[in-house]
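Close look at the chain arrangement
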Amino acid sequence: MKKALCCLLGILVVFMIGVGITSATAKNTGQENRKVLAGQPDCPAIHDCGSCHSFSKSEAGALLKEFGEVREVKPAPVKGLYEVTIRKGNRQAVIYVDYGKKLLMPTPIFDIASARPVSPPPVELPVIIPKADLDKIPRANSIVMGKADGAMKLFVFTDPDCPFCKKLHQELKKLVTLEPELTVYIKLFPLKMHPKSYDKARVILGSNSLELLDKAFSGESFPKPGEKDGTEPVDETIKLGESLGINGTPAMILPNGRLLIGAMDAANIRTQLKK
């Protein structure tokens with residue numbers, strides 16, 4: 001009996017020692033594993049996810065071609081996203097694309113602490129008419145103001161019934177006195193919202209008369225179109241304006257091809273001409 005008890009105690013001691021060794025080994029192994037993991041680049045606590053992903057400008061251009069032209073791709077201020085600058089027409093804005101390239105987020109994104117956007121706001125870029133298109137604008141079917149063939153040429157698309165065009169018209173008269181080498185080609189571009197302006201444009205172009213244009217802007221009674229007042233000159237100007245991206249009046253095309261929409265005073269136009 002005493003011999004059996006001694007054997008049992010011996011087995012128990014061996015078992016406890018084994019458990020202790022196993023526990024210590026597991027503990028040490030865990031510590032060693034944590035040390036190893038901490039030094040690995042894929043440790044979640046210190047891993048830079050951006051280092052594992054890429055999104056080139058060409059790839060972004062192909063993926064987002066329906067949204068516009070991709071101008072720049074860079075890491076976003078929010079982890080896991082790319083900041084993509086995209087342009088469509090003359091409007092440029094920033095959007096965000098996730099690392100998986102499956103999701104698109106519009107802007108702005110706000111910083112909570114400052115309550116301010118961290119992404120740049122959309123901007124309106126200047127519209128520049130290419131020189132090839134600028135050279136194709138006909139001088140014919142225009143009402144000329146200023147020097148007949150000046151060194152500087154300004155194209156103005158106007159509507160005889162547009163109140164903003166009337167305001168610009170008065171400023172153009174001042175402008176040609178300030179710039180003696182300026183030729184202003186006034187293109188009659190009647191808008192559909194002004195149903196009477198189309199026939200007025202026909203009469204003005206039929207007589208090639210600056211005085212009639214003044215009369216139209218003054219609101220005086222206006223003659224109806226006659227046989228000499230065809231529709232073709234007006235229709236060609238409308239088609240031309242639409243091909244240049246003009247859909248409102250007044251619109252001006254500067255010598256450098258820049259398109260300006262809206263009325264301006266003579267001093268401002270003069271400054272734009274000298275840029």
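Keep in mind that this is a model prediction, so the values were computed, not measured.

**What about the overall build of the protein chain?**
In terms of helices and strands, the protein chain carries eight helices and 13 strands. Buried positions account for 35% of the 275 residues belonging to the protein chain. Counted over contacts in the protein chain with a minimum sequence separation of 6, partners at least 24 positions apart contribute 60%. Summing over all exposed atoms, the protein chain offers an accessible surface of approximately 17,100 Å²; the carbon and sulfur share of this is 60%.

**What to know about the environment of V144**
Structurally, V144 can be placed in strand β9 (residues 143–146). By relative accessible area, which is 36% here, V144 ends up partly exposed. With 41 residues separating them in the primary sequence, V144 and Y185 have C-alpha atoms 4.9 Å apart. Residues within four places of V144 in sequence aside, it is in contact with T183, V184, Y185 and L210.

**Here we look at helix α5 (residues 197–207)**
Regarding α5, the residues found buried are S197, K200, A201, R202, V203, I204 and L205. Residues of α5 that are buried sit in contact with β9, β11 (182–188), α6 (210–218) and α7 (232–243). N208 occupies a position one or two residues after α5 and carries a positive phi of about 50 degrees.

**Observations concerning α6**
All of the buried residues along α6 are L212, L213, A216 and F217. Buried residues along α6 cover an arc of 140 degrees about the axis, so they all sit on one side. Of the surrounding elements, those touching the buried residues of α6 are β10 (152–158), α4 (163–178), β11 and α5. One or two positions beyond α6, positive phi appears at G219, with a value near 85 degrees.

**Considering the state of the cysteines**
All chains considered together, the criterion is met by zero disulfides. Free of any disulfide, C165 has its nearest neighbouring cysteine sulfur in C162, separated by 3.1 Å.

**Concerning the confidence of the model for the protein chain**
Looking at the protein chain, the pLDDT average stands at 85 and 82% of residues meet or exceed 70. Across the protein chain, the secondary-structure element scoring lowest on mean pLDDT is helix α1 (residues 2–38), at 44, and the one scoring highest is β11, at 98. Here residues 1–30 is a poorly scored stretch, pLDDT under 50, and it has zero contacts once near neighbours within four places are set aside; other chains count. Segment residues 32–41: pLDDT under 50, and four contacts once partners within four positions in sequence are set aside and those in other chains are kept.

**Things to note about the pairing of strand β2 (residues 81–88)**
Taken residue by residue, a regular strand's side chains alternate between the two faces of the sheet. Of all the eight residues making up β2, six are buried; the element is thus mostly covered by neighbouring parts of the structure. Sheet topology note: the strand β1 (residues 69–75)/β2 ladder contains six bridges and is antiparallel. When the bridges of β2 are listed, P75 appears paired with Y82. Between the antiparallel neighbours β1 and β2 lie five residues, among them G80 with a positive phi of about 90 degrees. The pairing of β2 with strand β3 (residues 91–98) spans eight bridges and is antiparallel. Each residue of the ladder has a partner; that of K88, found in β3, is R91.

**Quick notes on the pattern of salt bridges**
Counted according to the given criterion, the structure contains 14 salt bridges. Two residues, K131 and D135, come together in a salt bridge whose shortest N-O distance is 2.9 Å. When its relative accessible area of 49% is taken as the criterion, D135 is described as partly exposed. Taken together, the shared-partner salt bridges connect E179, R270 and K274 into one network.

**Structural notes on the nonpolar core**
Ranked by internal contacts, the top residues of the largest apolar core, which has 47 residues, are L154, F157, L172, V184, I253 and I269. Once residues within four sequence positions are removed from consideration, F157 is found in contact with K187, F189, T237, L240, G241, L244, I246, T249, P250, A251 and I253. Ranked by size, the runner-up nonpolar core spans ten residues in total, among them A60, Y82, I86 and Y99.

**What to know about the packing of aromatic side chains**
Taken as a whole and assessed by the stated rule, the structure comprises four aromatic pairs. Relative to Y82, the ring of F55 lies with its centre 5.1 Å away and its plane at 45 degrees, an arrangement referred to as tilted. Taken together, the residues F55 in the loop between α1 and α2 (57–63) and Y82 in strand β2 connect sequence positions 27 residues apart. Grouping residues by exposure puts F55 and Y82 together as buried. Here F155 and Y185 contribute two aromatic rings whose centre-to-centre distance is 5.3 Å and whose plane-to-plane angle is 20 degrees, an arrangement assigned as stacked. With F155 in strand β10 and Y185 in strand β11, this residue pair connects regions lying 30 residues apart in the sequence. Comparing F155 with Y185, the two get one shared label, buried.

Parameters and conventions
Residues numbered from 1 in each chain as written. Predicted model: local features only at pLDDT ≥ 70, side-chain atom pairs only at ≥ 80, totals over all residues. Heavy atoms only, no water. Helix = DSSP H or I, 4+ residues; strand = E, 2+ residues; numbered from the N terminus. Buried < 20%, exposed > 50% of the residue type's maximum accessible area, 1.4 Å probe, protein only. Contact = heavy atoms within 4.5 Å. Areas by Shrake-Rupley, 256 points an atom, 1.4 Å probe, with all protein chains shown as cover. Arc of directions from axis to C-beta. Disulfide = S-S within 2.5 Å. pLDDT = per-residue confidence, 0-100. Pairing = 2+ DSSP bridges. Salt bridge = Lys/Arg side-chain N within 4 Å of Asp/Glu carboxyl O. Core = buried A, V, L, I, M, F, W, Y, C linked by side-chain atoms within 4.5 Å. Phe/Tyr/Trp six-rings, centres within 6.5 Å; stacked < 30°, edge-to-face > 60°.

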